[in-house]
Amino acid sequence: MQVFKLFMLILKKKIKLIILFTVIFMVFFLGFFFGGNTEDKFTESRLKITITDNDNTPESKALIEYIGTKHDIVTSNIDMKDALFFGTVDYELTINNGYARNLADGKTEGLFTSRHVYNSYSVAYMSSFLDEYVSCVRACTAAGDDMTYAVKKAADAMDTNTEVTMITSEAGNINGLMSGKGFFRYLPYILLSLMICVLSPVMMSINSKEVRFRTNCSAVRPVSFMMQILLGCVIYVLAIWVLFMTLGILLDKSAFSGSGWLNIVNSGVFAVISAFIAVLVSMLLPSQQTVNLASNVISLVMSFMCGVFVPQTMLGDTVISIGKFLPAFWYIKVSDMLTGAQIFNASKAAQYLLIEAGFAVALGIIATLLYKTKLRSAEL
Amino acid sequence: MADTVIKIDSLVKRYGELIALDHLSLEIKQGEVFGLLGPNGSGKTTTINCLLSLLSYDKGTIQIFGKDMSPTAYDIKRDIGVIMQNVAVYDELTVQENIDYFCGLYITDKEQKAQYVEDAIKFVGLEDFRKFRPKKLSGGLLRRLNIACGIAHKPKLIILDEPTVAVDPQSRNKILEGIEELNRNGATIIYTSHYMEEVEQICTRIAIMDKGKKIAEGTKEELTAMIKNTETIKVTLHELPDEVLSEISALPHVYSTDFAEERLTVSCSGGKHNLIRVLEVLQNHDMHIGRVTTEQPTLNDVFLEITGKALRDKEE
């Protein structure tokens, strides 16, 4: 078992890298996890407004009072231009003299004067707010209400909101994605990274031409050599997979209940796929210096094109078409069913898993053939 | 008569139209330091690769320790140690781990392996560097590690393929001394090189190769005796009239003379007191003699005379 020991010895030297990758991944995920999702929450913005009342009528006072319920009325000690520039004030409103009279006459022009930062969102927000208020008052006076009553009614009308609750986003169940189950959605990226960054250099080191030459001269049989390396790979893949399954359970104990056990199968198949990709990378790259680059390219491209980071429903048709030729695409399809982003369908899940397994088999065959070719070339 | 360790009979290796080995036959006896000498591309490494069954060949037979060599002859491989031109060690492992790994490919007994690894470390003088990674070692120390990895399992036959390429003179001497010690400890050595000085220094028998053929074989003395030249006299002179050069050319045993760049070169074949006779002629003509040297023929002269070209380029 000398070759197996060698594999483990070289792998041991990469342990820091494994820990680093795992910790970074977990920190990022937990950041999302505990940071909560803001997509389903809505709070009204309150602007900082200074108001000058040149009309000084009950109507203008009622307006100021109403604005005070929705925004923060502030006074500025510094020059208004500076206050607007530094953002201590969002909007300067002046209620023009004759506001109440004009409003009663049905005039809506020239009621206010304002100063604000050009083209800012607060301008649009405040202009819309004032337009809405004036329109409501006008509607009430047009209906025959007196000004005092119209002002009150307008304020009441504007306080009536339609409650909106976000149950699902375009991507599906957001809460599901940001739970322990959602953790499995991001596994392809970390599995690919960990396999390519760790397994590929180990394989490249063991199979470097010079040392292979020396091993070929020794009394070790090629089959034994290959089997010992395979054993090393299997143990590494198992260890990484078990590690992430354990982390998955720690995040959500119910992750594997019900149809959740498919997470185990799904991630297991993808771990094998990642390992085969790592083996292929080790045989195709010219030097170990290029491994990190290859890892980033493969893991990021596959993650973005297959919907690991961005939900598949948000991907364009071309990206989807290309993604179908990548194994992570089918992993995400299964994962989406388990997180609730798509309706669970056992036969479809099995179909997607089979496609994934097909990728594993194909990659395995290519890796074996390439390895044999490499062996032959090492034998001169 | 010593036992035959290696017997190569009429070995032919072709790469398409190119004949890399052309009916090569060699016999190496136990306890020999056998040198394979030849210029780059002469077929030395191809011979070694065929010998180790790393390369298939078109014709001929190879026997090692009296048995046919094949890729699956693991019992034979167990007794062979290989040290190649390129350093073949794992950068991730320390000196000790590297030697332990390569020794472990042959020795399964844990205690015996530990002892052998220790012996190998001491043999190459890497006791103070056992925890060092290869990248931390100097070129010379790295070569020593390369050798330790090849000999740790105490093989009966050690094959060294140009182990001193790009090594400083000090480390080169250390390596050559080590090879001689391995031989004294009972190992049969095959040493390939294009450095004739090294081969002359350590090899008990030498085969000179060119274009895949063995062009000469024997001890250094036997090889130099094969050629006409027995002595080359070189004298530095300011000038040399033609009549004096003709007189020297007419001396007994002198078969070639040349005067160029203020240096007279006289090649002799056999005879005694050739130098005295040449100097007498020069004195008789009141020639102002500068530096005088006399050289015995080298393997390079042997190669030059047989093939008409030098063993290696001047820059090497």
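Residues numbered from 1 in each chain as written. Chains lettered and ligands numbered in written order. Predicted model: local features only at pLDDT ≥ 70, side-chain atom pairs only at ≥ 80, totals over all residues.

Okay, the overall build of chain A next. Looking only at helices and strands, chain A has 17 helices and four strands in total. Expressed as a percentage of the 380 residues in chain A, the buried residues total 33%. Put simply, 75% of the contacts in chain A that link residues at least 6 apart link residues at least 24 apart. (Helix = DSSP H or I, 4+ residues; strand = E, 2+ residues; numbered from the N terminus. Buried ≥ 20, exposed ≤ 12 C-beta atoms within 10 Å, placed from the backbone. Contact = placed C-beta atoms within 7 Å.)

What follows deals with the overall build of chain B. When helices and strands are tallied, chain B shows eleven helices and 14 strands. The C-alpha extent of chain B, read off along each of the three principal axes, is 80 × 45 × 40 Å. For chain B, buried positions account for 40% of its 316 residues. Taking as baseline every contact in chain B between residues at least 6 positions apart, the subset at least 24 positions apart corresponds to 68%.

Let's shift gears to the UniProt feature "domain: ABC transporter" (unreviewed entry) in chain B. When the UniProt feature table is mapped onto this chain numbering, "domain: ABC transporter" (unreviewed entry) sits at residues 6-236 of chain B. Span residues 6-236 of chain B is 34% helix and 29% strand, its end C-alpha atoms 48 Å apart. (UniProt positions renumbered as here; feature names shortened; annotations may be inferred.)

Right, let's get into the domain arrangement of chain A. Domain boundaries assigned for chain A yield domain 1 (2-38 + 171-378) and domain 2 (48-159). A separation of 59 Å is found between the C-alpha centroids of domain 1 of chain A and domain 2 of chain A. (Domains from an automatic or database assignment.)

All names here are of chain A. Annotation from UniProt places "transmembrane region" (unreviewed entry) at residues 15-36, 186-206, 226-251, 263-285, 291-310 and 352-371. Structurally, residues 186-206 is divided into 95% helix and 0% strand, and its ends, taken at the C-alpha atoms, are 31 Å apart. As annotated, residues 263-285 has a helix share of 96% and a strand share of 0%, and its two end C-alpha atoms lie 32 Å apart.

Below, the discussion takes up the interface of chain A and chain B. Taken residue by residue, the interface counts 19 residues in chain A and 22 residues in chain B. Broken down by secondary-structure element, the contributors of at least two residues to the side of chain A that touches chain B are α1 (2-12) and α11 (209-217) of chain A. With seven residues, α11(A) is the single largest residue contributor to the side of chain A that touches chain B. Residues of the side of chain A that touches chain B, tallied by class, amount to nine nonpolar, five polar and five charged. (Nonpolar A, V, L, I, M, F, W, Y, C, P; charged D, E, K, R; others polar.)

Turning our attention to the domain arrangement of chain B. Partitioning chain B into structural domains gives domain 1 (4-225) and domain 2 (231-296). Each of domain 1 of chain B and domain 2 of chain B was reduced to a C-alpha centroid, and the two centroids are 43 Å apart.

Hydrogen bonds along the backbone pair up the strands of a sheet, which may run parallel or antiparallel. Residues and elements named next belong to chain B. An order of β6-β7-β8-β3-β9-β10 is seen for the six strands of this open sheet, with the pairing classed as mixed. Both outer strands of the open sheet, β6 (80-83) and β10 (213-218), are each paired with one neighbouring strand and no more. Each neighbouring strand pair of the sheet contributes to a mean axis angle of 15°, computed without reference to strand direction. Where strand β3 (residues 33-37) meets strand β8 (residues 188-193), five bridges bridge the pair, whose relative direction is parallel. Across the sheet, the residue bridging to G35 is Y191, located in β8. Along the sheet, helix α6 (residues 169-184) contacts β3, β7 (157-161) and β8; its crossing angle with β8, the most-contacted strand, is approximately 155°. (Pairing = 2+ DSSP bridges. Axes fitted to C-alpha atoms, helices over the stretch in contact; angles between N-to-C directions.)

Residues and elements named next belong to chain A. Spatially, the four strands line up as an open sheet ordered β2-β1-β3-β4, and their pairing is mixed. A single partner strand is all that each edge strand has here, and the edge strands are β2 (72-73) and β4 (112-116). With two bridges joining them, strand β1 (residues 48-53) and β2 adopt parallel strand pairing. Of the residues in β2, the one forming a bridge with K48 is D72. Its contacts with the sheet put helix α3 (residues 58-70) on β1, β2 and β3 (91-95), and the angle it makes with β1 is roughly 170°.

A separate point is α1(A). Turn by turn, an α-helix covers 3.6 residues, leaving residues three or four places apart pointing in a common direction. Regarding α1(A), the residues found buried are Q2(A), V3(A), L6(A), F7(A), I10(A) and L11(A). The inward-facing, buried residues of α1(A) abut α10 (187-206) and α12 (222-251) of chain A together with α3 (95-104) of chain B.

All names here are of chain B. The backbone phi angle of H273 is positive, close to 55°, even though this residue is not glycine. Inspection of the secondary structure puts H273 in the loop between β13 (263-268) and α10 (274-284). Using a count of 11 C-beta atoms within 10 Å as the deciding quantity, one classes H273 as exposed.

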